[in-house]
Amino acid sequence: MSPSSRSLKRQATAWSKPSNKRVAIPPVLGVNTVETHRLSVYRLLIRPLIFRLDPERAHHLTLWLLTQLAPAPFLQWLMAGRRPLAHPLLGTEVCGLHFPNPVGLAAGFDKSAMAVAAFHALGFGFIEVGTVTPRPQVGNPLPRLFRVPADEAVINRMGFNNDGAAAVAQRLRAVRRHVPIGVNLGTNADTPRDHAVDDYRLALQWLYDVGDYVVVNVSSPNTPGLRDLQAFPKLQELLSSVQACNQRLAQQQQRPPRPLFVKIAPDLGPRELDDVIEVVQSVPLDGIIATNTTPGREGLSTHTAEAGGLSGHPLRQQSTEIVRYLYAGTRGRMPIVGVGGIFSAEDAYEKIRAGASLVQLYTGLIYTGPTLPHRINTGLIHLLRRDGFAHVSEAVGCAL
Ligand SMILES: Cc1cc2nc3c(=O)[nH]c(=O)nc-3n(C[C@H](O)[C@H](O)[C@H](O)COP(=O)(O)O)c2cc1C
């Protein structure tokens, strides 16, 4: 490790630190090596059946099944033995929130907070719902979701289909909280872009009570003009205004403001990323989520003419490089959530070593199945021990 990366590490551990006192670390049952084998019951039996269905139908069926199974004692029993939810190596504090493990569900899977309890049962350390817009909206015309199995990728142009902020707030109020729940905010498609800020503020007012952290999503490629909000000075105006609203709500309710993150695209160049860093530090915000899907088609063997955002394997390297750039540019002082192409513990570890304090995933669940969070967490424990780290926060940014 170079001297500069060592000093970055010290700064990073100042805000991302173990939440538990160092205690004897229990063994992880059945995990002697990182799980890298590609065959599983899901891949052999379940995935071929699911992949016979239209992708969006399969998604709705999965969400429905999860909501039905979540309260079932059998699922609770099965998953309880499998999730290393509170392992001392993995439990971490970021922005004053306790995360039992650093592996979260990315926005878009549970847009309207239908199955939060089930995702907790699968072993996720945090769950991000949304993108939620102030008013409900149906999204883009069908078909709008495409699998690309040859590249383990997905293309989507969903267009923020969701039940709206009021319905999501009501649903989240009824959820029993075990892990942090983030709310990812967006603007309605028919709101003029120069009024977008009103939508973010309105959605925040609805969801302030129920979100442990808040994400301003300016990076979805499927809402026309949205990504233009990432440019300076629009980003400065938008984020300052949402942060002011956050502070006002905090004052009214006499509690600390919600940690506020911005979610960015993987296609920003160095100059644009420098602008993002400057804005995020000056507003100030609490962290950056990197990254959303890409309109690029690099690494894709079919479906290259299909419009929408690309996720999964072809995105992995690109999003990791963005995480690395942000970590270096913020000198390790700003929490970064790494997302894009995580299919294994090694992929998650790569993002953490590049500077991510937390990671999220979506497409990996589609291709490798519901035990992925469990496999990543157990694999991470093995990798951290192998490399002599006493806690996950020590690995953050070590591969700068
Ligand atoms: C079908 C689909 C819908 C998505 N919807 C949203 C969304 O509403 N808001 C958002 O911020 N990101 C959304 N995303 C992006 C994911 O949160 C994530 O940033 C991206 O897919 C990269 O991660 P992955 O490669 O693990 O899927 C969506 C992704 C997919 C595949």
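The coordinates are above.
Since the structure is predicted, the reported quantities are computational estimates derived from the model, not experimental observations.

Student: Provide a residue-level description of the pairing of strand S9 (residues 213–217), including the pertinent values.
Tutor: S9 sits mainly inside the fold: five of its five residues count as buried. Side-chain alternation along S9 places Tyr 213, Val 215 and Asn 217 on one buried face and Val 214 and Val 216 on a second face that is also buried. The sheet contact formed by strand S8 (residues 181–185) and S9 spans four bridges and is parallel. For Leu 185, the partnering residue across the bridge sits in S9 and is Val 216. For the handedness criterion, the β-α-β arrangement of S8, helix H7 (residues 196–207) and S9 is classed as right-handed.

Student: I'd love a proper account of the site of the ligand, names of residues and values included.
Tutor: Around the ligand lies a shell of 28 residues, among which Ala 106, Gly 108, Ser 311, Tyr 362 and Thr 363 are the nearest. Sorting the residues of the shell around the ligand by element identifies strand S5 (126–132), strand S7 (153–156), strand S12 (309–312) and helix H12 (363–368) as the ones contributing at least two each.

Student: Tell me about the packing of H7 against helix H8 (residues 234–253), and name the residues and values.
Tutor: Close contact between H7 and H8 brings their axes to 10 Å; oriented N to C, the two are set at 25 degrees. Here H8 runs roughly parallel to H7, going by the angle between their axes. Considering how the two elements wind past one another, H7 and H8 form a crossing that is right-handed. Of the residues in H8, those touching H7 at Ala 196, Val 197, Tyr 200, Arg 201, Leu 204 and Gln 205 are Glu 237, Leu 238, Ser 241, Val 242, Cys 245, Asn 246 and Leu 249. Along the lines of polarity and charge, the residues of the contact of H7 with H8 split into eight nonpolar, three polar and two charged.

Student: Describe unusual backbone geometry, and please don't skip the residues or the numbers.
Tutor: With the exception of glycine, most residues fall at negative phi, and the peptide bonds are largely trans. For the bond running from Val 283 to Pro 284, omega is -10 degrees, close enough to zero to count as cis. Topologically, Pro 284 is positioned in the loop between helix H9 (270–282) and strand S11 (287–290). Following Ala 290, the chain continues to Thr 291 via a peptide bond in cis, the omega torsion being 15 degrees. On the secondary structure map, Thr 291 appears in the loop between S11 and S12. Here Glu 152, not a glycine, exhibits a phi torsion of approximately 45 degrees, which is positive. On the secondary structure map, Glu 152 appears in the loop between strand S6 (145–148) and S7. Despite not being glycine, His 303 shows a phi value in the positive range, around 60 degrees.

Student: Just give me the short version of the sheet that holds S6, but keep the residues and values in it.
Tutor: Ordered by their spatial adjacency, three strands build an open sheet running S6-S7-S12, and the pairing between neighbours is antiparallel. Two strands lie at the open edges of the sheet, namely S6 and S12, each paired on one side alone. Averaged over all adjacent pairs, the angle separating strand axes in this sheet is 20 degrees, with direction ignored. The sheet contact formed by S7 and S12 spans four bridges and is antiparallel. Looking at S12, one finds that Ala 153 is bridged to Gly 312.

Student: Give a detailed account of the sheet that holds S9, specifying residues and quantitative values.
Tutor: The eight strands lie next to each other as S4-S5-S8-S9-S10-S11-S13-S14, forming a closed barrel whose pairing is parallel. If you compare each strand with its neighbour and ignore which way they point, the axes differ by 25 degrees on average. Across three bridges, strand S13 (residues 336–339) lies against strand S14 (residues 358–361) in parallel orientation. Following the sheet pairing, Val 339 is matched in S14 by Gln 360. In the packing of H7 onto the sheet, the strands contacted are S5, S8 and S9, and the crossing angle to S8 comes to about 155 degrees.

Student: Hey, could you go over the environment of Thr 302 for me, with residue numbers and the actual values?
Tutor: Looking at the secondary structure, you find Thr 302 in the loop between S11 and S12. Remark: the alpha-carbon pair of Thr 302 and Asp 151, spanning 151 residues in sequence, is separated by 8.5 Å. Setting aside chain neighbours within four positions, we find Thr 302 in contact with Val 148 and Ala 150.

Student: Just give me the short version of the packing of helix H11 (residues 345–354) against helix H13 (residues 372–386), but keep the residues and values in it.
Tutor: H13 packs onto H11 with a crossing angle of 60 degrees between their chain directions and a minimal axis gap of 8 Å. By the angle between their axes, H11 is oblique relative to H13. When you trace H11 past H13, the crossing you get is right-handed. For the pair H11 and H13, the contacting residues are Ala 345, Ala 348 and Tyr 349 in the first and Arg 375, Ile 376, Gly 379, Leu 380 and Leu 383 in the second. Class assignment of the residues belonging to the contact of H11 with H13 gives a composition of six nonpolar, one polar and one charged.

The rules behind these values
- Residues numbered from 1 in each chain as written.
- Predicted model: local features only at pLDDT ≥ 70, side-chain atom pairs only at ≥ 80, totals over all residues.
- Buried ≥ 20, exposed ≤ 12 C-beta atoms within 10 Å, placed from the backbone.
- Helix = DSSP H or I, 4+ residues; strand = E, 2+ residues; numbered from the N terminus.
- Pairing = 2+ DSSP bridges.
- Right-handed = clockwise from strand over helix to strand, strands pointing away.
- Near = placed C-beta within 6 Å.
- Axes fitted to C-alpha atoms, helices over the stretch in contact; angles between N-to-C directions.
- Parallel < 35°, antiparallel > 145°, perpendicular 65-115°, else oblique.
- Left-handed = near helix turned anticlockwise from the far one by under 90°.
- Contact = placed C-beta atoms within 7 Å.
- Nonpolar A, V, L, I, M, F, W, Y, C, P; charged D, E, K, R; others polar.

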